[in-house]
Amino acid sequence: MTHPSDETLYKYNADLAPVKASQKTWTAYNFLTVWMGMVHNIISYEVAGGLILLGMSAWEAIFTIVVGNLILLVPMLLNGYQGTRLRVPFPVLIRSSFGVKGAVIPVILRAVVGIGWFSVQTYFIATIFNSLLALLWHGWTHVGGPFNFLGMNLTGWITFMLSWFLNVLILRHGMNSIKRFEAWAGPLVLILALGLIIWSVRVSHGFGPLFHQGAHFPKGQNLSTVFVPALTGVISSWATLVLNIGDFTRFSETQRAQIVGQSLGLPGTAIVFSFMSIMITSGSLVAFGHAIWNPITLLTHFHNIVILALGGFALVIATISVNVSANIVSPAYDITNLFPRHLNFVSAGIVAATLAIFLMPWKLMQNPTTLFTFLRAIGGLLGPVAGVVIADFWLIHHRRIHVTALYQRDGAYSYWHGFNLRALAALGLGVSTSAIGYFNTSLHWLYAYSWFIGLGLALVVYWVLSRIWPGEAPELSSTNEMINAALSNE
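What you see as residue numbers is a count from 1 along each chain, following the sequence as written. Thresholds applied to this predicted model are a pLDDT of at least 70 for local features of residues and 80 or more for the giving and counting of side-chain atom pairs; totals over whole chains, interfaces and linings are not thresholded and use all residues. Side-chain measures were taken over the full set of non-hydrogen atoms in the model, leaving aside hydrogen atoms and water.

J.: How would you explain the overall build of the chain if you had to name every residue and give the values?
T.: In terms of helices and strands, the chain carries 21 helices and 2 strands. Computed over its C-alpha atoms, the radius of gyration of the chain comes to 23 Å, within 12% of the 23 Å expected for a compact globule of 490 residues. Based on the C-alpha atoms only, the size of the chain along its principal axes is roughly 70 × 50 × 40 Å. Buried residues are those whose accessible area, probed at 1.4 Å on protein chains only, stays under 20% of the maximum for their type, while exposed residues exceed 50% and partly exposed ones sit between those limits. In the chain, buried positions account for 54% of the 490 residues. For the chain, the proportion of contacts with a sequence separation of at least 24, taken over those separated by at least 6, is 84%. Here the accessible surface of atoms and residues is derived via Shrake-Rupley with a 1.4 Å probe, and residues count as covered only by protein chains that are part of the display. A total of about 20300 Å² of accessible surface is found on the chain, and carbon and sulfur atoms cover 66% of it. Separation of charge centres in the chain, based on 23 positive and 15 negative side chains, amounts to 5 Å. Counting from the N terminus, the helices are DSSP H or I runs at least four residues long and the strands are E runs at least two residues long. Every radius of gyration here is taken over C-alpha atoms, with the globule rule written as 2.2 Å times N^0.38, N being the number of residues. Residue contacts are counted whenever heavy atoms from the two residues lie within 4.5 Å of one another. Neither His nor the chain ends is counted toward charge; the positive residues are Lys and Arg and the negative residues Asp and Glu. One atom stands in for each charge, and that atom is NZ of Lys, CZ of Arg, CG of Asp or CD of Glu.

Below, the structure written as C-alpha cells:
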C-alpha cells in the first residue's frame, strides 16, 4: 500500500487506514472465541459470587448476568456494525462525532482505562505464577532473600516480567496472532473448567447447595434495591469494549459473521461461565466446608500436582487472553493515533505495556477497593462517549460516513477548528450528571446508574443539538464507494 503524504491526510498510517478486503478474514467462530477468551477470566468467574454475596440467590445472580449481557449486546452490535462497514479503528471512527482533533479526548480516556486494566491483569498473572511456584517448590518464596525494588521482591519481579513478556509476545505479531491465540485459548479454558464441573457434580450429587439457597439481603434491602446497581456493575465491566469493538469487527468477513459471533459469544459465554462458576463453588462448599469463589485458592485445596499444573495453566491462559484482547488492543490503536508518524500498532502496544509497568500495580493492589473504584469511575465516563458515537452514526449520519474525510484536517469532520462542540457538550453533560451523584449522597442513584444515564443522556442531547445546530453534511454516494476512494492508493 502506498502511503499518502502527511500533507494529504491527517493522522494516518497503515494501521489506522481502512483494512483491505484481503484482511477481512475473521469469521463468526473467531468472534465467538475472542469473547470466550475475554469472558473466561478470574474477574468474570467471581462476578456471580459477588452478586450472591450482595444477598442474591444463585438464580437471581444468573438472571442479573443474563439481563446485563443482553443489554450490553445491543451497543456492541451497533458499534460493531460500524467497524465492519467502515473498516477503520476506533480512534479514526470517532473523528466523525468529536471532530478530527476533538477525538483525542475520548481516545486518551479510553487508552488510560485500557493501560490501567492491562497493568492490573498482568499483576494477576504474576500472582498465579507465584502461588503455583510456591506450592510446587517450597523454597520459591525465599529466592532473592531481602531483595526489594520499588516495593516488590525478586520473585515478584521475576513473575511480573514473565507475565508482561508473555502478553507482549502475542501482541508483537499483530491482530492476526491475537486471532490465532483466541481460537484455541478460549475453548481450552472452557474444556478445563468442565473438569471442575464434573468434580463438583460428583461431590455435590447435583447442582449443589448454593442453588437451593434463597436470597439473604441485608436488613432494609431487597432485590429491587440491589438489582439495577448490580446490573450497572455487570455492564460497566465491559463498557470500555463497547467503544472499540470496531477494532475487531473491522476485520470481519461480513456483518453476519460479527453479529452471529458476538450474539453467541457475549451473552452465551458469560451466562454459561457464570453458571459454571456457581456450580464449582457450590461443590467447594460441600467438599471443604466453605464456599471458595477465588479459583486460585480453590486449586490450592486439591494438593495434586497434575491438577495444580493444568489448573494454573488454564488460569494463566485465561488471564492473558482477556488482557491482550480487551486491554491492550485499544491503547495500541489509541497511541498509534497520537503518533502515527513514529509508531505502528505493535510498537504502540509495547509502549502501552511499558507504561503499565510504571503504574506499579503491586502497590495499587495494596488497596484494591480504591483502585477498582478509580478504574470503574473512569470506565463509567465512557458511557456518554458511547451515546455520542451511536447517535452520530445511526441518527445523524444515517450510516453514511465519508471515510476519506476522517483523515482530512480541514474536511467534513473538522467542525470548529477540529472540535465538534455538540459532542463535547453532550459528553460534558453526561459526565457531570454522574459526578453529581458521586458527590451528592441524596442523588447517589445518578452515579449508581451512571452507564445507563450517561449513554442515554448524551445520545439524546447530541441528537437534539445536531438537529438544532446542524453542521455541513458532505455530499455522499455510498459507503462502499467512499471506502474504495480511501483505498485507491493500495
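J.: Which residues make up the packing of helix H14 (residues 305-338) against helix H15 (residues 345-358), and what values do they have?
T.: Lines fitted to C-alpha atoms define the axes here, with helix axes fitted over just the stretch in contact, and angles between the N-to-C directions of these axes take values from 0 to 180 degrees. Running from N to C, H14 and H15 cross one another at 110°; their axes reach a closest spacing of 8 Å. For the element pair H14 / H15, the angle class is roughly perpendicular. At the point where H14 passes H15, the crossing takes the right-handed sense. Contacts between H14 and H15 pair Ile328, Val329, Pro331, Ala332, Tyr333, Ile335 and Thr336 from the former with Phe345, Ala348, Gly349, Val351, Ala352 and Ala353 from the latter. Residues are grouped as follows: Ala, Val, Leu, Ile, Met, Phe, Trp, Tyr, Cys and Pro are nonpolar; Asp, Glu, Lys and Arg are charged; all remaining types, including Gly, are polar. A class-by-class count of the residues in the contact of H14 with H15 yields 11 nonpolar, 2 polar and no charged. In what follows, roughly perpendicular refers to angles from 65 to 115 degrees, roughly parallel to angles under 35, roughly antiparallel to angles over 145, and oblique to any angle outside these ranges. Handedness of a crossing is defined here by the sense of rotation of the near helix relative to the far one, left-handed for an anticlockwise turn of less than a right angle and right-handed for a clockwise turn.

J.: Explain the environment of phenylalanine 31 residue by residue, including any values.
T.: Along the chain, phenylalanine 31 turns up in helix H1 (residues 28-39). Separated by 235 residues in sequence, phenylalanine 31 and leucine 266 place their C-alpha atoms 9.1 Å apart.

J.: Explain H1 to me, using residue names and the numbers behind them.
T.: Expected helix span is computed as 1.5 Å times (number of residues minus one). Along its 12 residues, H1 runs 17 Å from first to last C-alpha, staying within 8% of the 16 Å computed at 1.5 Å per residue. Most of H1 is tucked away: 10 of the 12 residues are buried.

J.: Any details on the confidence of the model for the chain? Residues and values, ideally.
T.: With 91% of its residues at a pLDDT of at least 70, the chain reaches an overall mean of 86. The predictor reports its confidence for every residue as pLDDT, a score running from 0 up to 100. Confidence, read as mean pLDDT per element, is least for helix H21 (residues 479-486) in the chain (54) and greatest for helix H5 (residues 95-98) (96). This model gives residues 1-6 a pLDDT under 50, and the stretch forms 12 contacts once residues within four places in sequence are excluded.

J.: Break down the side chain of threonine 319 for me, citing the residues and quoting the values.
T.: Inspection of the secondary structure assignment puts threonine 319 in helix H14. Exposure remark for threonine 319: the relative accessible area of 1% places this residue in the buried category. Setting aside anything within four residues of it in sequence, one finds threonine 319 in contact with Ile42, Gln121, Phe124, Ile125 and Ile128.

J.: How would you summarise the packing of helix H8 (residues 174-204) against helix H12 (residues 255-288) if you had to cite specific residues and measurements?
T.: Contact pair H8 / H12: the axes reach a minimum separation of 8 Å and the direction vectors enclose 40°. For the element pair H8 / H12, the angle class is oblique. Every pair of crossing elements has a handedness; the one defined by H8 and H12 is left-handed. Here Leu190, Ala193, Leu194, Leu196, Ile197, Trp199, Ser200, Val201, Val203 and Ser204 of H8 lie close against H12, whose contacting residues are Met276, Met279, Ile280, Ser282, Gly283, Ser284, Val286, Ala287 and Phe288. When grouped by side-chain class, the residues that make up the contact of H8 with H12 number 14 nonpolar, 5 polar and no charged.

J.: How would you sum up H8? Please name residues and give values.
T.: Since the α-helix packs 3.6 residues into each turn, any two residues three or four apart lie on the same face. In a regular helix each residue adds 1.5 Å, so 31 residues correspond to 45 Å; H8 covers 45 Å between its end C-alpha atoms and thus fits that length. Considering bend angle alone, the principal kink of H8 is centred on glutamate 182 and spans about 30°. Backbone geometry just downstream of H8 places histidine 205 in the positive-phi region, at approximately 55°. The term bend refers to the angle at a residue between two fitted axes, each drawn through seven residues, those ending there and those starting there.

J.: So what's going on with the packing of aromatic side chains? Which residues, and what values?
T.: Each aromatic ring pair is characterised by the separation of its centres together with the angle its planes make. Stacked, tilted and edge-to-face are the three classes applied to pairs of Phe, Tyr and Trp rings, where Trp contributes its six-membered ring and a pair requires centres within 6.5 Å; stacked means planes under 30 degrees apart, edge-to-face means over 60, and tilted covers the rest. What the rule picks out here adds up to 28 aromatic pairs. Centroid distance phenylalanine 63 to phenylalanine 227: 6.0 Å. Interplanar angle 25°. Geometry classified as stacked. Taken as a pair, phenylalanine 63 in helix H3 (residues 58-86) and phenylalanine 227 in helix H9 (residues 223-236) lie far apart in primary sequence, 164 residues in all. When its relative accessible area of 49% is taken as the criterion, phenylalanine 63 is described as partly exposed. Ring plane angle 50° and centroid distance 6.1 Å describe the contact between tryptophan 137 and tryptophan 140, whose orientation is recorded as tilted. Residue classification places tryptophan 137 among the partly exposed positions, given a relative accessible area of 48%. Chaining the aromatic ring pairs together yields one cluster made of Trp26, Phe31, Phe248 and Phe251. Lysine NZ or arginine CZ positioned within 6 Å of the ring centre and within 35 degrees of the ring normal marks a charge as sitting over the ring. The side chain of arginine 422 reaches across the aromatic face of tryptophan 469, ending 5.4 Å from its centre.

J.: Can you lay out the nonpolar core for me, pointing to particular residues and giving the numbers?
T.: In this description, a nonpolar core means a group of buried Ala, Val, Leu, Ile, Met, Phe, Trp, Tyr and Cys residues linked to one another through side-chain atoms lying within 4.5 Å. Core analysis: the biggest nonpolar cluster contains 121 residues, and Trp35, Met76, Met175, Trp238 and Ile278 have the highest contact counts within it. Broken down by element, this core gets its largest block of residues, 14 residues, from H14. For tryptophan 238, the residues in contact, after removing those within four places along its chain, are Trp35, Met38, Val39, Ser44, Leu72, Met76, Val322 and Ala326. Listed in part, the 18 residues of the second largest apolar core include Leu93, Leu406, Tyr407 and Tyr413.

J.: Account for a nonpolar patch on the surface, naming residues and giving values.
T.: A residue counts toward a patch only above 30% relative accessible area and without a salt bridge, and it is joined to like-charged neighbours within 9 Å or, for Val, Leu, Ile, Met, Phe, Trp and Tyr, to nonpolar neighbours within 5 Å. Any carboxyl oxygen of Asp or Glu within 4 Å of a side-chain nitrogen of Lys or Arg constitutes a salt bridge here. There is a patch of nonpolar side chains on the surface, built from Leu395, Trp416, Leu421, Val460, Trp463, Val464, Ile468 and Trp469 and spanning about 790 Å² of accessible area. Looking at the nonpolar patch, the element that brings in the most residues is helix H20 (residues 450-468), giving 4 residues. With respect to the helices and strands, the residue valine 460 is situated in helix H20.

J.: Could you give me a rundown of the side chain of serine 163, with the residues and numbers involved?
T.: Structurally, the position occupied by serine 163 is in helix H7 (residues 154-171). Non-local contacts of serine 163, meaning those with residues more than four positions away in its chain, are made with Thr122, Ile125, Ala126 and Phe129.

J.: How would you sum up unusual backbone geometry? Please name residues and give values.
T.: Glycine aside, residues mostly have negative phi, and peptide bonds are mostly found in the trans state. Positive phi outside glycine occurs at lysine 11, with the angle close to 45°. Tracing the backbone shows lysine 11 in the segment before H1. The backbone phi angle of leucine 150 is positive, close to 55°, even though this residue is not glycine. Mapped onto the secondary structure, leucine 150 falls in the loop between strand E1 (148-149) and strand E2 (152-153).

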